[in-house]
Amino acid sequence: MRTQVGIIGAGPAGLLLGHLLHLAGIDNVVIEARSRQYVEERIRAGVLEQNTVDLLREAGVGQRMDKEGLAHDGVELLFDGTRHRIDFPSLTGGRRIVVYGQHEVVKDLIAARLALDLPLYFEAADALIERFEGDSAAIGFVHEGKKIQLECDFIAGCDGFHGIARQAMPGALDAVFERIYPFAWLGILAHAAPSTDELIYARHAEGFALFSMRSPQITRLYLQCTPDEDLSLWPDERIWEALDRRLGTADGWRPTRGEIMQKGVTPMRSFVCEKMHHGRLYLAGDAAHIVPPTGAKGMNLAVADVRHLARSLARYFDHGDEAGLESYSQTCLKRIWRAEHFSWWMTSMLHRFEDVEPFAARIQESELRYVVSSEAGSRVLAENYVGLPFSD
Ligand code: RFL
Ligand code: PHB
């Protein structure tokens, strides 16, 4: 089998890249290790920044997002028992976010791909990057018991943090910058109508908490916990009580309770592999970088990478212009490091660090007070949260 771009991974990065390349007239094949049902039901991110919303609309895959997504004009920071709202449009020249589950974006992209009859192999086993230096590239994989050899001009490694593409990248290990945090998030999805309209990021003596949502019927909530937290010690009642303490306010506001449909623990990590391309192999999304979820940036960064990769590949195939491909890592890394800083900053400001001395806690409190009381401080949060505009 032959194509122009072989794409490993059908997460948001791989699927959107495939769609953008198709719109640019570039043939591509997507291979995915998991089943369609698995990727469509994997609950992850929920916040789409303005750039992502605009790009999905431009690419013609934004109809359901526009119908079912929840447009938000701000978030709230809760500390010392009081909520402080950060208004996005007034601080960012009219930009906002849309709350729409990552798995819904994935469903929309899969539906679009299948409707166009473009190749997408689920349950592709034993994927191996066979060649990516010289004049051509190749991926081998097994599908329905048959070995398939995919010959291509380029390979896009969109296979997430645990994928094979970064492992195959020469020099990747020497280009890694990493920080692992001493805490994690216990996340739940509950059948409960959100009892307020916007997200709440809470700093509390017991630890961080986040109030988010997926729809007018579904609430998404997180609690700071330990990285090795034993979920069996967290019956529903204990979770709701902790959420009430950390998110409740003096006026009696509490998150509405409901049946907990899913529980999980997410580790927190900052990670950048600065080597994002070599020969004919390009990394995009979580394959190259991870942010702690406090800044809601992971999926949005994946989208920014593939936007740039698709445009660079189009320039190459249309005009033989290699400039975009040659500077791919360099260009992406500017936005990546901005998001890394923002995610680290939000994480540092809002979480409880066990070993931190009282001095650092006072610094955290002072920073939060500054962010909510100074227009300049609020704007730093707002413009990063809604996403800085693309510069090209
Ligand atoms: P993905 O989504 O991990 O997709 C990679 C795909 O590659 C497949 N794969 C392979 N396929 C074939 N052969 C192999 N050898 C393969 N190895 C792997 C995998 O099965 C998978 O389908 O990476 P991608 O596309 O780069 O997307 C990145 C995002 O998923 C991630 O950054 C976000 O979910 C992060 N994130 C958030 N991002 C946001 O922008 N806003 C948020 O509000 C937000 N909240 C979150 C988050 C991530 C979370 N978790 C669980 C880590 C909240 C949480 C709790
Ligand atoms: C979510 O809704 O899952 C979510 C929202 C904001 C974050 C992280 C996760 O910062």
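Computed from a predicted model, the values in this text were never measured in an experiment.

Conventions we followed
- Residues numbered from 1 in each chain as written.
- Chains lettered and ligands numbered in written order.
- Predicted model: local features only at pLDDT ≥ 70, side-chain atom pairs only at ≥ 80, totals over all residues.
- Heavy atoms only, no water.
- Pairing = 2+ DSSP bridges.
- Helix = DSSP H or I, 4+ residues; strand = E, 2+ residues; numbered from the N terminus.
- Contact = heavy atoms within 4.5 Å.
- Axes fitted to C-alpha atoms, helices over the stretch in contact; angles between N-to-C directions.
- Parallel < 35°, antiparallel > 145°, perpendicular 65-115°, else oblique.
- Nonpolar A, V, L, I, M, F, W, Y, C, P; charged D, E, K, R; others polar.
- Expected span 1.5 Å × (residues − 1).
- Bend = angle between axes of the 7 residues up to and from the residue.
- Near = heavy atom within 4 Å.
- Polar contact = N/O pair within 3.5 Å; in protein donor to acceptor, adjacent residues only side chain to side chain.
- Areas by Shrake-Rupley, 256 points an atom, 1.4 Å probe, with all protein chains shown as cover.
- Domains from an automatic or database assignment.
- Buried area = accessible area lost by both parts, 1.4 Å probe.
- Salt bridge = Lys/Arg side-chain N within 4 Å of Asp/Glu carboxyl O.
- Buried < 20%, exposed > 50% of the residue type's maximum accessible area, 1.4 Å probe, protein only.
- Phe/Tyr/Trp six-rings, centres within 6.5 Å; stacked < 30°, edge-to-face > 60°.

## Describing the sheet that holds strand β14 (residues 209-215)
Strand order in the open sheet made by the eight strands is β6-β5-β13-β14-β15-β12-β16-β19, with mixed pairing throughout. Where the open sheet ends on each side, the last strands, each with one partner, are β6 (82-87) and β19 (289-290). Pairing of strand β12 (residues 176-191) with strand β15 (residues 218-225), which is carried by eight bridges, proceeds in the antiparallel orientation. Each bridged residue has a counterpart across the sheet, and for W185 the counterpart in β15 is Q224. Against the sheet, helix α8 (residues 236-247) contacts β5 (74-79), β12, β13 (199-202), β14, β15 and β16 (259-273), and its axis sits at roughly 85° relative to β15.

## A word on the packing of helix α12 (residues 358-373) against helix α13 (residues 375-386)
In contact at an axis separation of 5 Å, α12 and α13 are set at 95° when each is read in the N-to-C sense. It follows from the interaxial angle that α12 and α13 lie roughly perpendicular. Within the contact between the two elements, α12 uses Y370, V371, V372 and S373 and α13 uses E375, A376, G377, S378 and L381. In the contact of α12 with α13, the residues fall into five nonpolar, three polar and one charged.

## Side note on helix α11 (residues 328-350)
When the terminal C-alpha atoms of α11 are compared, their 33 Å separation across 23 residues agrees well with the 33 Å that a helix rising 1.5 Å per residue should span. Roughly 30° is the biggest bend found in α11, and it falls at K334.

## Let's talk about the site of ligand 1
Contacts to ligand 1 come from 33 residues, most closely from E32, R42, Q102, D286 and M299. At 2.9 Å from an oxygen atom of ligand 1 is found a side-chain nitrogen or oxygen belonging to R44. In isolation ligand 1 offers 1,000 Å² of accessible surface; the protein chains occlude 87% of this area. Taken together, the elements giving at least two residues each to the shell around ligand 1 come down to α1 (12-23) and α9 (298-319).

## Comments concerning the domain arrangement of the chain
For the chain, the assigned domains read domain 1 (5-70 + 97-177 + 269-351) and domain 2 (183-264). Centre-to-centre separation of domain 1 and domain 2, based on C-alpha positions: 30 Å. At the interface, 16 residues of domain 1 touch 16 residues of domain 2. Overall, the association of domain 1 and domain 2 removes approximately 1,300 Å² of surface from exposure, summing both partners, and the carbon and sulfur fraction of that is 69%. On the domain 1 side of the interface with domain 2, the three residues burying the most area are I43, L350 and H351, jointly 44% of the side's total. Remark: the boundary between domain 1 and domain 2 carries zero salt bridges. For the pair domain 1 and domain 2, the interface holds three residue pairs in polar contact (both at pLDDT 80 or more). Element by element, the count of residues in the side of domain 1 that touches domain 2 is highest for α11, at four residues. A class-by-class count of the residues in the side of domain 1 that touches domain 2 yields 10 nonpolar, five polar and one charged.

## Remarks on the site of ligand 2
The immediate surroundings of ligand 2 are formed by 13 residues, with Y201, S212, R214, Y222 and P293 found nearest. A distance of 2.6 Å separates an oxygen atom of ligand 2 from a polar side-chain atom of S212. Here ligand 2 loses 97% of its free accessible area of 280 Å² to cover by the protein chains. When residues of the shell around ligand 2 are traced back to their parent elements, those giving at least two are β13, β14 and β15. Residue-level mapping places the shell around ligand 2 at the junction of two domains, with at least three residues from each of domain 1 (5-70 + 97-177 + 269-351) and domain 2 (183-264).

## Some points on the pairing of β13
Residue alternation in β13 divides its side chains into two sets, L199 and Y201 and I200 and A202, and both sets are buried. Where β5 meets β13, four bridges bridge the pair, whose relative direction is parallel. Bridge pairing in β13 links V75 to L199. Sheet topology note: the β13/β14 ladder contains three bridges and is antiparallel. Each residue of the ladder has a partner; that of I200, found in β14, is F211. Where β13 folds back onto β14 in an antiparallel hairpin, the turn is made up of six residues, including G207, whose phi is positive at roughly 140°.

## Observations regarding the packing of aromatic side chains
Taken as a whole and assessed by the stated rule, the structure comprises 18 aromatic pairs. Where F177 meets W337, the ring centres are 5.8 Å apart and the plane angle is 85°; that geometry is what we call edge-to-face. Taken together, the residues F177 in strand β12 and W337 in helix α11 connect sequence positions 160 residues apart. With 5.5 Å between their ring centres and 75° between their planes, F211 and W253 make a pair best called edge-to-face. You can see F211 sitting in strand β14 and its partner W253 sitting in the loop between α8 and β16, a full 42 residues away along the chain. Among the aromatic residues, those joined into a ring-pair cluster are F88, W185, Y201, F208, Y222, F342, W345 and Y385.

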